[in-house]
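Residues per chain are reported as follows:
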Amino acid sequence: MEKNDRFHPRETFVRWSFFLVGLVILGLGISMTMQVKSFGIGPWDVFHYGLFLQLGLTVGTWSIIAGLIIVLVSSLVQKRIPQVGTLLNMVMIGIFIDFFNWLLPEPDTLLIQIAVFTFGTMVIALGIGVYVAPGIGAGPRDGLMLIITEATGWKVSTVRNGIEITVAVLGFMLGGPVGIGTVFIAFLLGTFVGYTLPYAKKCLQFLITKGELYENIYQRPLRSNYND
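Residues numbered from 1 in each chain as written. Predicted model: local features only at pLDDT ≥ 70, side-chain atom pairs only at ≥ 80, totals over all residues. Heavy atoms only, no water.

Undergrad: Run through the nonpolar core, naming residues and quoting values.
TA: Judged by nonpolar contacts, the single largest core of 26 residues is most densely connected at L26, I30, I128 and L189. Of all the secondary-structure elements, those providing two or more residues to this core are α1 (9-34), α2 (43-55), α4 (84-103), α5 (110-132) and α8 (180-219). When residues in this core are grouped by element, the largest group, 6 residues, is from α1. Setting aside anything within four residues of it in sequence, one finds I128 in contact with L26, L189 and V193. Grouped together as the second largest cluster of nonpolar side chains are 9 residues, L51, W62, M145 and V159 included. (Core = buried A, V, L, I, M, F, W, Y, C linked by side-chain atoms within 4.5 Å. Buried < 20%, exposed > 50% of the residue type's maximum accessible area, 1.4 Å probe, protein only. Helix = DSSP H or I, 4+ residues; strand = E, 2+ residues; numbered from the N terminus. Contact = heavy atoms within 4.5 Å.)

Undergrad: A description of the packing of helix α3 (residues 59-78) against α4 should follow, citing residues and the corresponding values.
TA: Two packed helices can be described by the angle between their axes and the distance between those axes. Remark: α3 packs on α4, axes separated minimally by 7 Å, with the N-to-C direction vectors making an angle of 165°. Judged by the angle between their axes, α3 and α4 are roughly antiparallel. Handedness of the α3/α4 crossing: right-handed. For the pair α3 and α4, the contacting residues are V59, G60, T61, S63, I64, G67, L68 and V71 in the first and T86, L87, M90, V91, G94, I95, I97, D98 and N101 in the second. Here the residues of the contact of α3 with α4 are counted per class, giving 9 nonpolar, 7 polar and 1 charged. (Axes fitted to C-alpha atoms, helices over the stretch in contact; angles between N-to-C directions. Parallel < 35°, antiparallel > 145°, perpendicular 65-115°, else oblique. Left-handed = near helix turned anticlockwise from the far one by under 90°. Nonpolar A, V, L, I, M, F, W, Y, C, P; charged D, E, K, R; others polar.)

Undergrad: Provide a residue-level description of the packing of aromatic side chains, including the pertinent values.
TA: Counted by the stated rule, this structure contains 9 aromatic pairs. The interplanar angle of 70° and the centroid separation of 6.0 Å between the aromatic rings of F19 and Y131 together place this pair among those described as edge-to-face. Placement of the pair is F19 in helix α1 and Y131 in helix α5, with a sequence separation of 112 residues. Ring geometry for F39 and F117: centres 5.9 Å apart, planes at 70°, overall edge-to-face. With F39 in the loop between α1 and α2 and F117 in helix α5, the pair connects residues that are 78 residues apart, well separated along the chain. Joined through ring pairs, the aromatic side chains of F39, F117, F184 and F192 make up one cluster. Stacked on the ring of Y199, the Lys or Arg K202 has its end atom at 5.6 Å from the ring centre. (Phe/Tyr/Trp six-rings, centres within 6.5 Å; stacked < 30°, edge-to-face > 60°. Lys NZ or Arg CZ within 6 Å of the ring centre and 35° of its normal.)

Undergrad: Which residues make up the packing of helix α6 (residues 140-152) against helix α7 (residues 156-173), and what values do they have?
TA: Orientation of α6 relative to α7, taken along the N-to-C sense of each, is 125°, at an axis distance of 9 Å. The orientation of α6 relative to α7 falls into the category oblique. As for the relative orientation of α6 and α7, their crossing is right-handed in sense. Between α6 and α7, the residues in contact are D142, L144, M145, I148, T149 and T152 and V156, V159, R160 and I163, respectively. When the residues that make up the contact of α6 with α7 are grouped by side-chain class, the tally is 6 nonpolar, 2 polar and 2 charged.

Undergrad: Account for a nonpolar patch on the surface, naming residues and giving values.
TA: On the surface, I165, V169, L170, F172, M173 and V178 cluster together into a nonpolar patch covering about 600 Å² of accessible area. Relative to the assigned elements, I165 resides in helix α7. (Patch = residues over 30% accessible without salt bridge, like charges linked within 9 Å, V, L, I, M, F, W, Y side chains within 5 Å. Areas by Shrake-Rupley, 256 points an atom, 1.4 Å probe, with all protein chains shown as cover. Salt bridge = Lys/Arg side-chain N within 4 Å of Asp/Glu carboxyl O.)

Dropping the structure here:
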């Protein structure tokens, strides 16, 4: 979605609400996996965590910095100003990651750790589905993937896997936690999103259609002979 003004104000509000809720959910899911980082975390999160270990600041801050660099490079290559949604995505996910990292406790038992990690991955998929559905703006990393795909002609899956393997290796070299969980997220997250995104789009469309229906009912003139 390039311009929000092509939508009715109420539809724009619903889409932005969906987008922001999706970012909150995504930040929560990422943080949940970080509470059991001994299993390994997502490739990009490994990179951000490695930078945190080596240079300080916070994981969320490094997520924002990395996103900012990607956005700047993408803007220069494409010669266009990034969408507002892309900038919000970059900043707010980092903020929510740090907030939930501060809020959530680390689970003690192995069984709870497995449950938290698995559920956290599903929450990430749900967050991606909800924030992508409105079409407000792709995340910086998705934008980078599309630029490389267009420039090389390679398959999206090939480019995505190549990027994630690269950042995971860099993160590992920086001391970031790589494990079976990293592989789990890298290869299964896309499958989960394949389920959450269609449902999120249906839910979004239902809310938009329902709102338009109510608005039409309330705006419709009453008949002169109307009786309760």
